[in-house]
Amino acid sequence: MNNTPEQSLLGKPAAYRDQYDPGLLYPIARADKRRELGIGAQAPFFGADLWTAYELSWLTPRGRPVVALAHVTVPCETPNIVESKSFKLYLNSFSNTRFASPEEVQARLRTDLGEAVWRGGAGSGSVGVRLLLPDAFDREQVHELDGINLDRLDIECTHYTPEPSLLTAAFDEQPVEEVLVSNLLKSNCLVTGQPDWGSVQIRYAGPQIDQGGLLRYLVSFRNHNEFHEQCVERIFMDLRARCRPVKLAVYARYTRRGGLDINPFRTSHPLALPANVRTARQ
């Protein structure tokens, strides 16, 4: 598979199709960016990309529209991501298509997304898909990421492209366990340059990370062009190399675009996936 971000429909006019078309999905291999980060065939992390689709609708056999939310879990072991605009166009193709039941829609999503993200891999796998119909909307929570808020620090910031040298840790002191959060993560789309706004949570055990340096480092992504999944893996790898934690987990929640939000989670050790609960900005 030779799909590149530049060949995708990002930043280009696209006709909206309203009849179901799984061919709209555009997978992009993770491998190229991972090689850039020094990640080999066996990544030093576990995790998943948690997607939320807010604009999903289809027709019943009698032609009445149905609306739903979809929570999608894509394992980070998949060889591909799905480019987000293609995902949006694919979901839109359900809008004037008749399906027998929500279960049929869920099965189509699971099959189509699974085929796209596992395409070209040595094996096959699945993705998680959970549909929420309107009678469950009230149970959707809003909650901010838990942890010590780095944004309380009144620091000077001068770097706006990723600068790993800002990361330091107290290697000669007692190790700690803590959870740090910031709402100041911003990067830009790899292709269009449009802004991506996010919040990030860093959970670790090991030498205590300098909080001011960590916040400056997170702010340094501000003019950086990269997809969400790649930014989180870059943060993980830089923290791993510079601060040498015994355990590390990085979780980012990005605001939605085109009715979709993408929330990558990477952990050095087996850890339950976080609940896919949106923040206020999402």
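Residues numbered from 1 in each chain as written. Predicted model: local features only at pLDDT ≥ 70, side-chain atom pairs only at ≥ 80, totals over all residues. Heavy atoms only, no water.

Here we come to the pairing of strand β8 (residues 176-188). Pairing geometry for strand β6 (residues 148-149) and β8, over two bridges, is parallel. Bridged to Ile148 within β8 is Leu180. Where β8 and strand β9 (residues 195-206) come together, eleven bridges link them in antiparallel fashion. Among the inter-strand pairings, Ser182 is bridged to a residue of β9, identified as Val200. The hairpin formed by β8 and β9 contains six residues between the paired strands, and Gly193 there has a positive phi angle of roughly 80 degrees. (Pairing = 2+ DSSP bridges. Helix = DSSP H or I, 4+ residues; strand = E, 2+ residues; numbered from the N terminus.)

Using the criterion set out here, one finds ten aromatic pairs in the structure. Ring centres of Tyr20 and Phe94 lie 5.2 Å apart, and the angle between their planes is 70 degrees; this geometry places the pair in the edge-to-face category. Remark: Phe94 occurs in the loop between α2 (84-92) and α3 (102-118) and Tyr20 occurs in the segment before β1 (27-29); sequence separation between them is 74 residues. Among the aromatic residues, those joined into a cluster by ring pairs are Tyr20, Trp51, Phe87, Tyr90, Phe94 and Phe99. We note Lys186 situated over the ring of Trp197; from NZ or CZ to the ring centre the distance is 5.7 Å. Over the aromatic face of Tyr54 sits the side chain of Arg256, whose NZ or CZ is 3.5 Å from the ring centroid. (Phe/Tyr/Trp six-rings, centres within 6.5 Å; stacked < 30°, edge-to-face > 60°. Lys NZ or Arg CZ within 6 Å of the ring centre and 35° of its normal.)

Once that is clear, we can look at the pairing of strand β11 (residues 247-254). The element β11 is extensively covered by neighbouring structure, given that seven of its eight residues are classed as buried. In this sheet, β11 lies alongside β9 in antiparallel orientation, the contact comprising eight bridges. Bridge pairing in β11 places Ile202 opposite Val250. Pairing geometry for β11 and strand β12 (residues 260-267), over three bridges, is antiparallel. (Buried < 20%, exposed > 50% of the residue type's maximum accessible area, 1.4 Å probe, protein only.)

Right, let's talk about the pattern of salt bridges for a bit. By the definition in use, this model includes 13 salt bridges. In this structure, Lys33 and Glu226 form a salt bridge, with 3.2 Å as the shortest nitrogen-oxygen distance. Of this pair, Lys33 sits in helix α1 (residues 31-36) while Glu226 sits in the loop between α4 (211-219) and α5 (228-243), and the two are 193 residues apart along the sequence. Take Lys33: its relative accessible area is 17%, and that puts it in the buried class. The exposure class assigned to Glu226 is buried, which follows from its relative accessible area of 0%. Of the charged contacts, one joins Glu104 and Arg108 as a salt bridge, the two residues approaching to 3.0 Å between their closest N and O atoms. Of this pair, Glu104 and Arg108 both sit in helix α3, four residues apart, which is roughly one turn of the helix. With a relative accessible area of 24%, Glu104 lands in the partly exposed category. Each of Arg30, Arg34, Asp49, Glu233 and Arg266 takes part in salt bridges that share partners, so that together they form one network. (Salt bridge = Lys/Arg side-chain N within 4 Å of Asp/Glu carboxyl O.)

A few words on unusual backbone geometry. A negative phi angle characterises most non-glycine residues, just as the trans form characterises most peptide bonds. Positive phi outside glycine occurs at Arg244, with the angle close to 50 degrees. Relative to the helices and strands, Arg244 resides in the loop between α5 and β11.

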